[in-house]
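Here is what each chain is made of, one letter per residue.
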Amino acid sequence: EAGVTQFPSHSVIEKGQTVTLRCDPISGHDNLYWYRRVMGKEIKFLLHFVKESKQDESGMPNNRFLAERTGGTYSTLKVQPAELEDSGVYFCASSQDSRGYEQYFGPGTRLTVT
Amino acid sequence: AQSVTQLDSHVSVSEGTPVLLRCNYSSSYSPSLFWYVQHPNKGLQLLLKYTSAATLVKGINGFEAEFKKSETSFHLTKPSAHMSDAAEYFCVVSAVYQKVTFGTGTKLQVIP
């Protein structure tokens, strides 16, 4: 069974540009989560999808971040325009259980904004 | 509200010696607790989880953790470190319908 995949693995962009991160969850997992780890800090929750609906987006830092999950399959996280403080590693996770137990994580996308 | 504190940012052990990674938590609800490991350039892998069953939890690769409610701790241990255990470890707390909260991580170095 394929795990959670994320693309790209690494992205380097200039301040002001746009970047789109993609996450493909494990097939059949309705719950999809995005997290972010800024250098030296803890991993923080961004948002939670149940199928195509946003269950909780309280962790999204500001309106420069837009997450979508059309069709309830893969999800994208767009940052527009990117700022220096957006640099970090963005993790995606999926689970069958909406309570958040046993989430399966992808390898992460390392975003560097210069 | 909930929080988790990993008491050591770095731990260094010799190969073959015991490993202890410390984690304290707080939660207003009955928590579930997890340990994840991240090897370089890999995703986060679930090591073990406590979800209100047995307080001593056994995980993969010989790791185990004990839930101690009175001490609000969930320390991760392994009797004998292996070189392949070198990685970053995250303690995580969650409660039903609460967001997952991660600790800041502990980097484990294993010296040959």
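Going by the structure above, here's the rest.
Analysis parameters
Residue positions are given per chain, counted from 1 along the sequence in the order it is written. Note on labels: chains are lettered from A, ligands numbered from 1, in written order. Per-residue local features are limited, in this predicted model, to residues with pLDDT of at least 70; the limit for side-chain atom pairs, both in listing and counting, is 80 or more; totals at the level of whole chains, interfaces and linings are taken over all residues. In computing side-chain properties, one takes all heavy atoms of the structure into account and sets aside hydrogens as well as water. In this text, helices come from DSSP runs of H or I with a minimum length of four residues, and strands from runs of E with a minimum of two, each type numbered from the N-terminal end. Disulfides are defined as cysteine sulfur pairs within 2.5 Å. Throughout this description, buried means an accessible area under 20% of the type-specific maximum (1.4 Å probe, protein chains only), exposed means over 50%, and partly exposed covers the range between. Contacts: residue pairs with any heavy atoms within 4.5 Å of one another. A simple way to read buried area is as the amount of 1.4 Å-probe accessible surface that goes missing from two parts once joined, with both sides added. Every case where a carboxyl oxygen of Asp or Glu lies within 4 Å of a side-chain nitrogen of Lys or Arg is listed as a salt bridge. In the analysis that follows, any N or O atom pair within 3.5 Å is treated as a polar contact, provided that within protein one partner can donate a hydrogen and the other can accept it, and provided that, for residues neighboring in sequence, both atoms belong to side chains. By convention a nonpolar core is built from buried Ala, Val, Leu, Ile, Met, Phe, Trp, Tyr and Cys residues, the set being connected through side-chain atoms within 4.5 Å. Criterion used throughout: strands pair if DSSP finds at least two bridges between them. Here the axes come from fitting lines to C-alpha atoms, over the contacting stretch only for helices, and the angles between their N-to-C directions go from 0 to 180 degrees.

Student: What is the right way to read unusual backbone geometry from this model?
Tutor: For residues that are not glycine, phi is negative in most cases, and the peptide bond is trans in most cases. Following A:Phe7, the chain continues to A:Pro8 via a peptide bond in cis, the omega torsion being -5°. For the bond running from A:Gln80 to A:Pro81, omega is -10°, close enough to zero to count as cis. Even without being a glycine, B:Asn61 presents a positive backbone phi close to 60°. You can see B:Asn61 is positioned in the loop between strand E7 (56-58) and strand E8 (64-68).

Student: Which parts of the structure should I look at to understand the state of the cysteines?
Tutor: In a disulfide, the sulfur atoms of two cysteines are covalently bonded to one another. Residues and elements named next belong to chain A. In this structure the tally under the stated criterion is 2 disulfides over all chains. With a sulfur-sulfur separation of 1.8 Å, Cys-23 is cross-linked through a disulfide to Cys-92. Taking the sign of the S-S torsion, about -60° here, the bridge from Cys-23 to Cys-92 comes out left-handed. Linking Cys-23 in strand E3 (residues 19-24) with Cys-92 in strand E9 (residues 88-95), this pair joins segments that are 69 residues apart in sequence. Note on Cys-23: relative accessible area 0%, which makes it buried. For Cys-92, a relative accessible area of 0% puts it in the buried group.

Student: How should the interface of chain B and chain A be read in this particular structure?
Tutor: Interface size is often expressed as the accessible area that is lost when the parts come together. Between chain B and chain A, the contact holds 20 residues from the first and 17 residues from the second. Counting the surface lost from both chain B and chain A, the interface buries some 1600 Å², and carbon and sulfur atoms represent 59% of this. Area buried by chain B at its contact with chain A is led by B:Leu44, B:Lys99 and B:Phe102, which between them contribute 31% of it. On the surface where chain B and chain A come into contact, there are 1 salt bridge. Residues B:Glu88 and A:Arg37 are paired through a salt bridge, measuring 3.0 Å at the closest nitrogen-oxygen approach. Remark: the boundary between chain B and chain A carries 3 residue pairs in polar contact (both at pLDDT 80 or more).

Student: What exactly am I supposed to notice about the nonpolar core here?
Tutor: If you look at soluble globular proteins, the nonpolar side chains tend to sit buried side by side. Counting residues in hydrophobic clusters, the biggest one holds 26 residues, and the most contacted among them are B:Trp35, B:Leu48, B:Leu76 and B:Tyr89. For this core, the leading source of residues is strand E10 (residues 87-94) of chain B, giving 4 residues. The next biggest cluster of nonpolar side chains, apart from the first, holds 21 residues, and it includes A:Val19, A:Trp34, A:Leu46 and A:Ala67.

Student: Looking at this structure, how should I read the sheet that holds E3(A)?
Tutor: Across a sheet, strands are paired by hydrogen bonds formed along the backbone, either parallel or antiparallel in direction. All names here are of chain A. Read from one edge of the open sheet, 4 strands run E1-E3-E8-E7, paired in antiparallel fashion. Looking along the sheet, the strands with just one partner apiece sit at the ends: strand E1 (5-7) and strand E7 (65-68). The mean angle between the axes of side-by-side strands here comes to 15°, regardless of whether they run parallel or antiparallel. As judged from the 4 bridges shared by E7 and strand E8 (residues 75-79), these two strands associate in the antiparallel manner.

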